[in-house]
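# Coordinate inspection notes
For reference, the chains in residue letters:
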2 protein chains.
Amino acid sequence: MIKIAILGFGTVGSGVYELIKDNKELVTQKAGTEIETKYILDVRDFSDREDAHLFVNDYDVILNDDEVSVVVETIGGLEPACTFTKKALSKGKSVVTSNKELVATCGNELISLAVENNAKYMFEASVGGGIPIIRPLFHCYVSSDIKRVCGILNGTTNYILTEMFKNGQTFEKALLAVQQNGYAERDPSADVDGHDTCKKICILSSIISGQSVDFHNVYTEGITKISLEDTKYAASLDSSIKLIGESKVLPDGKMEVHVAPMMISKDKILASIEDVYNGVVVDGGETGDTLHYGRGAGKLPTASAVVADVVELAKNAAVPYIRPWAEAKENLVVSHDEYVRNYFVRIKTDNADKCAIGKVVAVKTFKEIFDGEIGLVTEKISYKSLTDSLKNMPGEMLGVIEVME
Amino acid sequence: MIKIAILGFGTVGSGVYELIKDNKELVTQKAGTEIETKYILDVRDFSDREDAHLFVNDYDVILNDDEVSVVVETIGGLEPACTFTKKALSKGKSVVTSNKELVATCGNELISLAVENNAKYMFEASVGGGIPIIRPLFHCYVSSDIKRVCGILNGTTNYILTEMFKNGQTFEKALLAVQQNGYAERDPSADVDGHDTCKKICILSSIISGQSVDFHNVYTEGITKISLEDTKYAASLDSSIKLIGESKVLPDGKMEVHVAPMMISKDKILASIEDVYNGVVVDGGETGDTLHYGRGAGKLPTASAVVADVVELAKNAAVPYIRPWAEAKENLVVSHDEYVRNYFVRIKTDNADKCAIGKVVAVKTFKEIFDGEIGLVTEKISYKSLTDSLKNMPGEMLGVIEVME
């Protein structure tokens, strides 16, 4: 029997509680021992619930109870989650979390603290909701250097882009629809501006590189500038547009990590991922590309990933597979200006024939799709060279979208 | 330091040897200890190799060497692989294998033998090559009852079907091409008749049900009857045709397990998987559907999965997460005759209007695609009712293909 405490009885926390209770037999069988929720920490009033006796609002009750060996942190955000996590780990209690912000911000410090105290800090649920991705990255690619991880890591933005492509909805209408379906937060900026994707790709980057990747150093562009016109160009390129977090380890050990909407050829499996689904492609060297796909968010998928971590701890199978990441070498993440890619560019011009963007060579131009503008795909060029050339361009720049390699 | 022996220096065995040697630093780091190949068992003559001293042809040398704690069985087939495996496990040596035939045939017995001897029997590489699937099934879905696993489990047949769809190749020409590319065996029957897929879906079925699923009880149909005409009908249904292994746990605990070509709507992610790639969809209950996708075969992907298992053993992290499967309850696998599905049917007839197949109701008929025949999709009906009706049909039956649910 192991006893756990759940911090925060919101969407994920209540999901964890219900899953463990409603699947008691199955969970016991898988874990090899019973798992019981002894406390739930939440300041709100749950006194009319049947299980009201589980609720506490003083964290010290949990900290000082030696029977509690695992703390599930589903509060989200930096504080008080960070302080609570540190206190638990310092007491030798393992912590399981779904909190991507905390893992991305100070995951390394928390893993180190766990190791020092012979405890574990586990965060399968922090990336990709119910998709197994963290554990496979640690366990299943051991003989291969992972060179690249990239994927669709945010369901809200993928739903919006799918609506724009399939049903010709504008960005604004698609956003409204996804909010009405309950997928998006009322303040959708963390989703649509790419910050949610950024936190997740930073966690994956730290795992594959073994070094802390700080999200402050990661170029992050959202999907708010993507227009229905862009989707038409993409369609004529037999491509889709997806918000992608990408992380590459370069031969010199430095990394390219960024978040941006990308044009993706329909030949690539990522282009097939629609609606609220997420997918992460891992280039595992010898194993070739693999895709990890599923629902990236939602109460039960995320709660299920948390419970999987708790079960792993209960089995005592979780030898400290998560080593602390090293401090990042200086300038680990290469500046986005230097990323050499093909870019799709749209330019407003009345004279398509005469339009040129500096010395940039187009590898493909489009038959006129909209009056008064042209679209083209550049040769491989650094982002800085491209934007420098665009400054001196005669026509007005309507948009730039990276073309996925 | 742990010392291993590799049985069989064929494609996978040599891949394992090279991966461990060429990635020594990385493997040591991941495993937390060095992994050294002490012996390679192969009766062929490798005396001109630099590492000729590693080769032995007497298995007892390996068995009697207490330094060898892990045996990698990459011989394939039932014997002598089975006897060698039993001998190693009986001595308390763990065994890692890529041998789907052996795991499907007597996996349960071997897992039990391992548990009795405080050893482990690990087989990530037996299904899906480099795609992590066995370990996630055991580790990552712990809180959810898995209700259904289905997928494309054979690269050769998927390549053939892709060629037929994309390039209008006949089955025979596509088969020749895949043989020339080195993907298919010279005798391709295990692939194209579905037996390879059957072994793999049986292994996955045993894992999700916790009971031995015997491949002799599993209806298995290959792709040799699929014609270019079928692909045209599929295209007009906005579908693809894939060879699918499917396993469902029914509410009464019985199972539907079968292998057959299926029409799959392009809305479903499995329809997007092309060429030699494999993909397994897991319906993880609360987690929703997830897809595990990648190269399902090949020297390095498969070897990489073997090495991942060896590393897991080296870390001593592999608490016996693989419990023996129970003996199957009587009639565990429901007869294929009883599977209720929509079926696509093609009938040769000069009078499409008057054609009827018994009492079967068509939910969709096709505009005439080929002269002198009609195609239709039936209502949901058991396979037995369908085939009974087809016997009494006025026209000649040209083909029946299940439509994926």
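Note that the structure is a prediction, hence the values are computed from the model and not measured.

Here we come to unusual backbone geometry. Here the bond from Glu-79 of chain A into Pro-80 of chain A is cis, since omega is 5 degrees, no more than 30 degrees from zero. Along the chain, Pro-80 of chain A turns up in the loop between β4 (68-73) and α4 (81-90). The phi angle at Asp-275 of chain A is positive, at roughly 55 degrees, despite the residue not being glycine. With respect to the helices and strands, Asp-275 of chain A occurs in the loop between β10 (255-265) and β11 (277-283). Of note in this structure, Asp-238 of chain B is not a glycine but carries a positive phi near 55 degrees. Topologically, Asp-238 of chain B is positioned in the loop between α11 (228-236) and β9 (239-249).

Residues and elements named next belong to chain B. Packing of helix α1 (residues 11-22) against helix α12 (residues 299-314) brings their axes to within 8 Å, and their N-to-C directions diverge by 65 degrees. Handedness of the α1/α12 crossing: right-handed. Each of Thr-11, Val-12, Ser-14, Gly-15, Val-16, Glu-18, Leu-19 and Ile-20 in α1 lies in contact with α12, whose residues at this interface are Lys-299, Leu-300, Thr-302, Ala-303, Ser-304, Val-306 and Val-307.

A few words now on the pairing of strand β12 (residues 289-295) of chain A. Residues and elements named next belong to chain A. In terms of burial, β12 is largely enclosed, as five of its seven residues are buried. Relative to β12, β11 is paired through seven bridges, and the arrangement is antiparallel. Note on β12: the bridge partner recorded for Asp-283 is Asp-289. Taking the residues that link successive antiparallel strands as the turn, the β11-β12 hairpin has five residues, and the phi of Gly-285 there is positive, at about 65 degrees.

The geometry of an aromatic ring pair is captured by two quantities: the separation of the ring centres and the angle between the planes. Following the criterion strictly, the structure yields 24 aromatic pairs over all chains and no others. Both rings, one in Phe-9 of chain B and one in Phe-55 of chain B, keep their centres 5.0 Å apart while their planes meet at 85 degrees; by these two values the pair is edge-to-face. Taken together, the residues Phe-9 of chain B in the loop between β1 (2-7) and α1 and Phe-55 of chain B in strand β3 (residues 55-56) connect sequence positions 46 residues apart. Of the two residues, Phe-9 of chain B and Phe-55 of chain B, both sit in the buried class. Among the aromatic side chains, those forming a connected cluster through ring pairs are Phe-9, Tyr-17, Phe-46 and Phe-55 of chain A. Between the NZ or CZ atom of Lys-199 of chain A and the centre of the ring of Phe-215 of chain A, over which it lies, the distance is 4.9 Å.

Moving on: the side chain of Arg-148 of chain B. All names here are of chain B. Assignment of secondary structure puts Arg-148 in strand β7 (residues 148-152). The buried category is assigned to Arg-148, whose relative accessible area is 15%. Polar contacts involving the side chain of Arg-148 include one to the side chain of Glu-246, which spans 3.0 Å.

Turning next to the relation of the copies chain A and chain B. Aligned on chain B, chain A shows an RMSD of 0.0 Å; the corresponding rotation is 180 degrees and the shift along the axis is 0.0 Å. Here the symmetry operator amounts to a two-fold rotation axis. An overlap of 100% is found between the interface residues of chain A and their copies at the interface of chain B, pointing to a shared contact surface.

On to the pattern of salt bridges, then. Residue and element names in this part refer to chain A. Applying the stated criterion across every chain yields a total of 50 salt bridges over all chains. One salt bridge in this structure joins Glu-402 and Arg-341, with 2.9 Å as the shortest N-O distance. Of this pair, Glu-402 sits in strand β17 (residues 396-403) while Arg-341 sits in strand β13 (residues 340-348), and the two are 61 residues apart along the sequence. Each member of the salt-bridge network shares a partner with another, and the members are Arg-148, Glu-246, Lys-248, Glu-256, Arg-341, Lys-380, Glu-402 and Glu-405.

Here we take up the environment of Ile-152 of chain B. Residue and element names in this part refer to chain B. Here Ile-152 shows up in strand β7. With 48 residues separating them along the chain, Ile-152 and Ala-104 place their C-alpha atoms 17 Å apart. Contacts of Ile-152, omitting those with residues within four sequence positions, involve Asn-158, Lys-242, Leu-243, Ile-244, Leu-270, Ile-273, Tyr-277, Asn-278 and Gly-279.

On to the packing of helix α5 (residues 100-116) of chain B against helix α10 (residues 195-209) of chain B. Residue and element names in this part refer to chain B. Where α5 meets α10, the closest approach of the two axes is 9 Å, and the angle between their N-to-C directions is 50 degrees. Comparing their axes, α10 and α5 come out oblique. Handedness of the crossing formed by α5 with α10: left-handed. For the pair α5 and α10, the contacting residues are Lys-100, Glu-101, Val-103 and Ala-104 in the first and Asp-196, Lys-199, Lys-200 and Ile-203 in the second. A breakdown of the residues in the contact of α5 with α10 according to their chemical character gives three nonpolar, no polar and five charged.

Thresholds applied
Residues numbered from 1 in each chain as written. Chains lettered and ligands numbered in written order. Predicted model: local features only at pLDDT ≥ 70, side-chain atom pairs only at ≥ 80, totals over all residues. Heavy atoms only, no water. Helix = DSSP H or I, 4+ residues; strand = E, 2+ residues; numbered from the N terminus. Axes fitted to C-alpha atoms, helices over the stretch in contact; angles between N-to-C directions. Left-handed = near helix turned anticlockwise from the far one by under 90°. Contact = heavy atoms within 4.5 Å. Buried < 20%, exposed > 50% of the residue type's maximum accessible area, 1.4 Å probe, protein only. Pairing = 2+ DSSP bridges. Phe/Tyr/Trp six-rings, centres within 6.5 Å; stacked < 30°, edge-to-face > 60°. Lys NZ or Arg CZ within 6 Å of the ring centre and 35° of its normal. Polar contact = N/O pair within 3.5 Å; in protein donor to acceptor, adjacent residues only side chain to side chain. Least-squares fit on C-alpha atoms with pLDDT ≥ 70 in both. Salt bridge = Lys/Arg side-chain N within 4 Å of Asp/Glu carboxyl O. Parallel < 35°, antiparallel > 145°, perpendicular 65-115°, else oblique. Nonpolar A, V, L, I, M, F, W, Y, C, P; charged D, E, K, R; others polar.

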